[in-house]
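Structure assessment
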Amino acid sequence: MTSLLTEAEIEARLREIGARRYHRLHPFHHLLHGGKCTKGQVQAWALNRYYYQAMIPIKDAHLIARCDDRQLRRIWRERLIDHDGRAEQEGGIARWLKLTDGLGLDRDYVVSLRGLLPATRFAVEAYVHFVQEKTLLEAIASSLTELFSPEIISERLEGMLKNYDFVSANTLAYFVNRPPQADRDSNFALAYVKRHARTVQTQQAVFAALEFKCDVLWAMLDALHHAYVSPKQISPGAFVPSE
């Protein structure tokens, strides 16, 4: 990339990155949505993904702390409310715990993080560090995987409700609430990135930030597949399905 792109070209490049690298293409998701996972594999996915869900508001709090724009802070803190809720039993994290409850996982065990795969911990914490250490523009650009999440959520709801008798619409309530939030958040972040990426260098940094975030999500599924699908080498101390 040697020439400055227009806003339309920036968006097209970002969407092309998602089309090639977003984790809905990962083999583990094809198994999960196609009804090919065992209950233990679904449990392992939900348990490990919990750490990502729990750390998202911490990541966003770091972003807000670095921001001297009051309007941006006001808009971005809606993400904290979406995940943490305004009360104890509200928000995305609470709904994710309803998912792990519904799958038969002990809530204290899930929240303790004792069953995490090491690669899950490393990937999620790498994302938090990225947001802390990179420019504000790169931090915001890294959130743009939300551009592609409504499609994967639709596949997940349809596939899991159709194929698994151990899940219900109530169990999967987290995914019902997310698409409108993701649309709102990604539209704002996309507009911000297009408006502020005004040099070749910043445009390159924006694309690299989205690629990095796609890599984080992909690495988490690589770890799950390796531990619970093939060759089934579960890390010492990580969750072991009872089946």
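Look up: the structure comes first, before these words.
I will try to describe carefully the structure that is included in this document. Only a predicted model underlies this, so the values are computations on that prediction, with no experimental measurement involved.

1. Some thoughts on the overall build of the protein chain
- Broken down by element type, the protein chain carries 11 helices and zero strands.
- Relative to a compact globule of 243 residues, whose C-alpha radius of gyration would be 18 Å, the protein chain shows 18 Å and is just as compact.
- With respect to the principal axes defined by its C-alpha atoms, the protein chain has extents near 55 × 40 × 35 Å.
- Taken across its 243 residues, the protein chain has 51% of its residues classed as buried.

2. Quick word on the packing of helix α4 (residues 70–84) against helix α5 (residues 92–102)
- Running from N to C, α4 and α5 cross one another at 30°; their axes reach a closest spacing of 4 Å. One element, α4, and the other, α5, form an angle in the roughly parallel class. Contacts between α4 and α5 involve Asp-82, His-83 and Asp-84 on the former and, on the latter, Gly-92, Ile-93 and Arg-95.
- Classifying every residue of the contact of α4 with α5 by side-chain character gives one nonpolar, two polar and three charged.

3. A word on the layout of surface pockets
- Its boundaries defined by the atoms lining it, the largest pocket holds a volume of some 160 Å³.
- Lining the largest pocket we find Tyr-50, His-83, Asp-84, Ala-87, Glu-88, Gln-89, Glu-90, Ile-93, Ala-94, Leu-97 and Arg-107.
- Where the lining of the largest pocket is concerned, the elements lending two or more residues are α4 and α5.
- Here the lining of the largest pocket takes three residues from α5, the largest share from any one element.
- Of the residues in the lining of the largest pocket, the class split is five nonpolar, two polar and four charged.

4. A few points about empty space enclosed by the protein
- All chains considered together, the criterion is met by two cavities of 30 Å³ or more.
- The calculated volume of the largest cavity comes to roughly 300 Å³.
- Along its surface, the largest cavity is lined by 24 residues, and Arg-49, Tyr-52, Glu-146, Tyr-174 and Arg-178 are the ones closest to its centre.
- Of all the secondary structure elements, the ones that give two or more residues to the lining of the largest cavity are α3 (39–65), α4, α9 (149–163), α10 (173–196) and α11 (200–228).

5. What to know about the nonpolar core
- Of all hydrophobic cores here, the largest spans 78 residues; its most connected members are Leu-14, Val-42, Trp-45, Ile-140 and Phe-175.
- With residues near it in sequence (within four places) discarded, Leu-14 still touches Leu-144, Phe-148, Leu-190, Val-193, Val-206, Phe-207 and Leu-210.

6. Side note on α5
- The buried fraction of α5 amounts to eight of the 11 residues, a majority that puts the element mostly inside the structure.
- Of the residues making up α5, those classed as buried are Gly-92, Ile-93, Ala-94, Arg-95, Trp-96, Leu-97, Leu-99 and Thr-100.
- The inward-facing, buried residues of α5 abut α3, α4, α6 (107–112) and α10.
- Where α5 ends, the next residue or the one after it, Gly-104, has phi of about 90°, a positive value.

7. Some thoughts on the side chain of Arg-178
- You can see Arg-178 is positioned in helix α10.
- A polar side-chain atom of Arg-178 sits 2.8 Å from a polar atom in the side chain of Gln-181.
- Apart from residues no more than four positions distant in its own chain, Arg-178 is found in contact with His-83, Glu-146, Ile-153 and Asp-185.

8. Some remarks on the pattern of salt bridges
- Going through the model one piece at a time under the given rule, you end up with 14 salt bridges.
- Between Lys-59 and Asp-60 there is a salt bridge, with the nearest N and O atoms lying 2.6 Å from each other.
- The exposure class of Lys-59 is buried, given its relative accessible area of 3%.
- When its relative accessible area of 1% is taken as the criterion, Asp-60 is described as buried.
- Across the pair Arg-107 and Asp-101 runs a salt bridge, and its minimum N-O distance is 2.5 Å.
- Here Asp-101 falls in the partly exposed class, since its relative accessible area comes to 33%.
- Each of Glu-11, Arg-15 and Lys-194 takes part in salt bridges that share partners, so that together they form one network.

9. So, the packing of aromatic side chains
- Considering all chains together, one arrives at 12 aromatic pairs under this definition.
- Measuring from ring centre to ring centre gives 5.5 Å for Tyr-22 and Phe-148, while their planes differ by 55°; the resulting arrangement is tilted. Taken together, the positions of Tyr-22 in the loop between α1 (7–21) and α2 (27–33) and Phe-148 in the loop between α8 (136–141) and α9 put the pair 126 residues apart, joining distant regions of the chain. Both residues of the pair, Tyr-22 and Phe-148, belong to the buried class.
- Taking 5.5 Å as the distance between ring centres and 75° as the angle between the ring planes, the aromatic pair formed by Trp-96 and Phe-175 counts as edge-to-face. Within this pair, whereas Trp-96 is found in helix α5, its partner Phe-175 is found in helix α10, the two being separated by 79 residues in sequence.
- Using a relative accessible area of 2% as the deciding quantity, one classes Phe-175 as buried.
- Aromatic rings pair up to connect Trp-45, Trp-96, Tyr-174 and Phe-175 into one cluster.
- Against the face of Trp-76 rests Arg-79, its NZ or CZ located 3.7 Å from the ring centre.
- Over the face of the ring belonging to Tyr-51 we find Arg-121, whose NZ or CZ atom lies 5.7 Å from the ring centre.

Calculation criteria
Think of each chain on its own: its residues are numbered from 1, step by step along the sequence as written. At least 70 in pLDDT is required for a residue's local features to be given in this predicted model, at least 80 for side-chain atom pairs to be given and counted, and no such filter applies to totals for whole chains, interfaces and linings, which use all residues. Hydrogens are left out, water is left out, and the side-chain values use all remaining heavy atoms of the structure. Only DSSP runs of H or I reaching four residues or more are called helices, and only runs of E reaching two or more are called strands; each is numbered from the N terminus. For this measure, only C-alpha atoms enter the radius of gyration; the expected value for a globule follows 2.2 Å times N^0.38, where N is the number of residues. When accessible area is computed with a 1.4 Å probe and restricted to protein chains, residues below 20% of their type maximum are described as buried, those above 50% as exposed, and intermediate ones as partly exposed. Convention adopted: a line fitted to C-alpha atoms gives each axis, helices being fitted over their contacting stretch, and angles between N-to-C directions are expressed from 0 to 180 degrees. Our angle categories are set so that under 35 degrees counts as roughly parallel, over 145 as roughly antiparallel, 65 to 115 as roughly perpendicular, and the remainder as oblique. Throughout, a residue-residue contact means that at least one pair of heavy atoms, one from each residue, lies within 4.5 Å. Residue polarity follows a fixed list, in which Ala, Val, Leu, Ile, Met, Phe, Trp, Tyr, Cys and Pro are nonpolar, Asp, Glu, Lys and Arg are charged, and the others, Gly among them, are polar. Points on a 1 Å grid, built from protein atoms alone, make a cavity when a 1.4 Å probe fits but cannot get out and make a pocket when they are open with protein on both sides within 12 Å along at least 5 of 7 lines; residues with an atom within 4 Å of a point are the lining residues. Grid points are joined across faces, edges and corners, and a volume is the space filled by probe spheres set on the points. The nonpolar core is taken to be a set of buried Ala, Val, Leu, Ile, Met, Phe, Trp, Tyr and Cys residues, with the residues joined through side-chain atoms within 4.5 Å. As used in this structure description, the phrase polar contact means that two N or O atoms lie within 3.5 Å; if the pair is within protein, one of them must be able to donate a hydrogen and the other to accept it, and residues adjacent in sequence are counted only when both atoms belong to side chains. What makes a salt bridge here is a side-chain nitrogen of Lys or Arg within 4 Å of a carboxyl oxygen of Asp or Glu, nothing more. Here the aromatic set is Phe, Tyr and Trp, taking the six-membered ring for Trp, and pairing holds for ring centres within 6.5 Å; pairs whose planes are under 30 degrees apart are stacked, those over 60 apart are edge-to-face, and all others are tilted. For a ring to carry a charge above it, either NZ of a lysine or CZ of an arginine must fall within 6 Å of the ring centroid while also lying within 35 degrees of the normal to the ring plane.

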